[in-house]
Amino acid sequence: VDENVHDVVIAKEAASSEAASSSAETSNIGPLSMTVEELADVLGGFGRAQLAWDCYSIGVDPQLFFSSEQQEDDEVAMIQQLFPSKRRTQTLGPDALQRLASITPSGNNNNNTCCIEGGVATLSDIRRSSDRTTKLLLQLADGFEVETVIIPRMEEGRSTLCISSQVGCRQGCTFCATGQMGKLRSLSSDEILVQMFFARKLCRLEQLPPVTNVVFMGMGEPADNADQVIAASRILTKRGLFQLSASKVTISTVAPTPESFRALAAAECVLAWSVHAVNDTLRRRLVPTTKYSMKELRQGMIDALLSRPKNFKRTAMLEVALIQDVNDGLQEADDLAEFARYIMEQVPGCKLIVNLIPYNEVFGGGVAYRQPSNERVVAFQKQLWNSGIHAHVRTTRGDDESAACGQLATSKKKKKSQL
């Protein structure tokens with residue numbers, strides 16, 4: 001998760017200026033960003049589009065699967081068994097594959113690879129921790145790299161995927177390694193969705209529980225890439241595509257402006273606000289790019305929630321990275337409780353949850369923050385509970401394999417995945 005980071009992520013230098021890359025980064029819309037209906041118009045048939053999405057949804061690249069003559073019959077049969085029964089014997093012929101290739105962005109690579117794998121992104125590195133938390137490093141077509149993390153809940157039979165929305169981030173949170181990079185560029189919707197594609201593939205091959213939950217809490221600020229994040233969320237939650245429940249997709253923002261909430265509310269997913277502190281002075285210390293008071297930002301969240309129907313779409317989350325002797329005291333807990341209670345009072349039907357994230361120390365960072373003791377975390381949580389605020393402490397996962405956001409790109413040891 002973006003707040004729990006250790007090392008500064010060092011991205012590759014851009015081959016062109018940020019302005020040039022910004023104008024090009026979202027110009028191509030590939031098949032991962034298309035609905036079945038939209039893809040059918042391109043491929044010349046609804047059945048063709050359904051079959052392509054049968055592949056994408058389980059992490060299979062149809063351009064490779066249907067064009068390869070080197071696959072074992074048992075492997076083909078195993079994958080086909082995952083398709084709906086009425087399409088298990090169908091294939092995509094040369095015409096359909098050529099049409100598919102024509103809309104698959106290959107970026108600026110030199111091999112003209114028009115596939116999802118090797119075109120939109122390549123799996124560059126993979127790390128597995130003892131609790132089976134798995135981090136993937138994906139190299140994009142222009143050489144930049146982003147990270148995505150699979151967090152399995154083995155006992156519950158499900159996994160959560162933490163997704164990145166940008167390469168770097170311009171918000172500059174002092175406790176966050178990704179924030180120290182600055183923004184290098186935003187991701188297209190295809191580059192966001194390809195993270196889900198590779199996660200589904202890895203879960204299938206390594207017998208990890210299926211991804212049922214997605215959190216936009218990886219690298220980047222979703223509000224700074226709202227259009228592409230919203231487009232990706234619609235594909236994630238649409239029937240016949242990745243088919244997640246909208247209530248299982250959470251978009252987290254530091255809230256650069258009060259209007260950020262309204263923009264992201266169009267995604268119809270759970271809204272989360274990375275608050276970290278409700279005191280204006282302390283908040284600006286932790287998030288130096290903060291330009292609005294916390295009351296102004298809070299009103300922006302309230303207005304966005306009020307624009308939604310009175311159902312699960314009014315579920316919201318406040319996130320706090322707890323840092324020892326900075327924002328983990330009982331006074332900060334009382335301030336947060338009062339702050340949260342006002343939101344619930346103003347938004348009928350609002351289900352508000354406070355997510356407490358014990359800070360993971362950033363080695364090599366510019367600020368010497370420390371992780372609070374478990375006793376202080378529990379005391380903070382108890383103070384919120386006693387004030388009538390539901391508070392959850394996020395369990396730290398994957399520390400032994402650099403699973404916190406931003407670590408893998410700097411610490412990878414060139415271990416190549418066997419996938």
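As a reminder, the structure under discussion sits directly above these lines.
Residues numbered from 1 in each chain as written. Predicted model: local features only at pLDDT ≥ 70, side-chain atom pairs only at ≥ 80, totals over all residues. Heavy atoms only, no water.

(A) The arrangement of the overall build of the protein chain in detail. Within the protein chain, the regular secondary structure consists of 15 helices and twelve strands. Sorting the 419 residues of the protein chain into buried and exposed places 57% on the buried side. Nonlocal contacts in the protein chain, meaning residues at least 24 apart in sequence, comprise 70% of its contacts between residues at least 6 apart. A total of about 17,500 Å² of accessible surface is found on the protein chain, and carbon and sulfur atoms cover 47% of it. (Helix = DSSP H or I, 4+ residues; strand = E, 2+ residues; numbered from the N terminus. Buried < 20%, exposed > 50% of the residue type's maximum accessible area, 1.4 Å probe, protein only. Contact = heavy atoms within 4.5 Å. Areas by Shrake-Rupley, 256 points an atom, 1.4 Å probe, with all protein chains shown as cover.)

(B) Structural context of a negative patch on the surface. Together, E72, D73, D74 and E75 make up a negatively charged patch on the protein surface. Among the structural elements, D74 can be located in helix α5 (residues 73-80). (Patch = residues over 30% accessible without salt bridge, like charges linked within 9 Å, V, L, I, M, F, W, Y side chains within 5 Å. Salt bridge = Lys/Arg side-chain N within 4 Å of Asp/Glu carboxyl O. Lys, Arg positive; Asp, Glu negative; His and termini not counted. Charge placed at Lys NZ, Arg CZ, Asp CG, Glu CD.)

(C) Structural detail: the nonpolar core. With 101 residues, the main nonpolar core has L39, V214, W273, L318 and I343 as its most contacted residues. Tallying contributions element by element places helix α8 (residues 189-205) first for this core, with nine residues. V214 has contacts with L161, I163, M196, L236, L244, K248, V249 and T250, leaving out every residue within four places of it along the chain. If you look at the next biggest cluster of nonpolar residues, it comprises 13 residues, including C173, A277, L286 and Y369. (Core = buried A, V, L, I, M, F, W, Y, C linked by side-chain atoms within 4.5 Å.)

(D) Seen up close, α8. With 17 residues, α8 should cover 24 Å at 1.5 Å per step; its first-to-last C-alpha distance of 25 Å lies within 8% of that length. Of all the 17 residues making up α8, 15 are buried; the element is thus mostly covered by neighbouring parts of the structure. Where α8 ends, the next residue or the one after it, Q207, has phi of about 55 degrees, a positive value. (Expected span 1.5 Å × (residues − 1).)

(E) Main features of unusual backbone geometry. The phi dihedral of A255 falls on the positive side, at around 65 degrees, and the residue is not glycine. Assignment of secondary structure puts A255 in the loop between β8 (249-253) and α10 (259-265). Here A255 falls in the buried class, since its relative accessible area comes to 3%. Even without a glycine there, the phi angle at H276 is positive, about 70 degrees. Note that H276 resides in the loop between β9 (270-274) and α11 (280-286).

(F) Layout of the packing of helix α12 (residues 294-306) against helix α13 (residues 330-346). One can describe the packing of α12 onto α13 by two numbers: an axis separation of 10 Å at closest approach and a directional angle of 30 degrees. In terms of their interaxial angle, α12 and α13 are classed as roughly parallel. α13 is crossed by α12, and the crossing has right-handed handedness. Between α12 and α13, the residues in contact are M294, R298, Q299, M301, I302, L305 and L306 and E338, F339, Y342, I343 and Q346, respectively. Here the contact of α12 with α13 is built from residues that sort into eight nonpolar, two polar and two charged. (Axes fitted to C-alpha atoms, helices over the stretch in contact; angles between N-to-C directions. Parallel < 35°, antiparallel > 145°, perpendicular 65-115°, else oblique. Left-handed = near helix turned anticlockwise from the far one by under 90°. Nonpolar A, V, L, I, M, F, W, Y, C, P; charged D, E, K, R; others polar.)

(G) A look at the environment of C114. Tracing the backbone shows C114 in the loop between α6 (94-102) and β1 (121-128). Relative accessible area serves as the criterion here: at 25%, C114 is assigned to the partly exposed category. Taking C-alpha positions, C114 is 8.5 Å from L100, a pair spaced 14 residues apart along the chain.

(H) Spotlight on the pairing of strand β3 (residues 145-153). For β3, the tally of buried residues reaches eight of nine residues, placing the bulk of the element in the interior. Where strand β2 (residues 134-140) and β3 come together, six bridges link them in antiparallel fashion. Along β3, the bridge assignment pairs K135 with V149. Connecting β2 to the next strand, β3, in antiparallel fashion are four residues, including G143 with a positive phi near 100 degrees. One ladder, built from five bridges, connects β3 with strand β4 (residues 158-162); its direction is antiparallel. If you follow V149 over to β4, its bridge partner there is C162. Taking the residues between adjacent antiparallel strands as the criterion, β3 and β4 are bridged by four residues, where G157 takes a positive phi near 70 degrees. (Pairing = 2+ DSSP bridges.)

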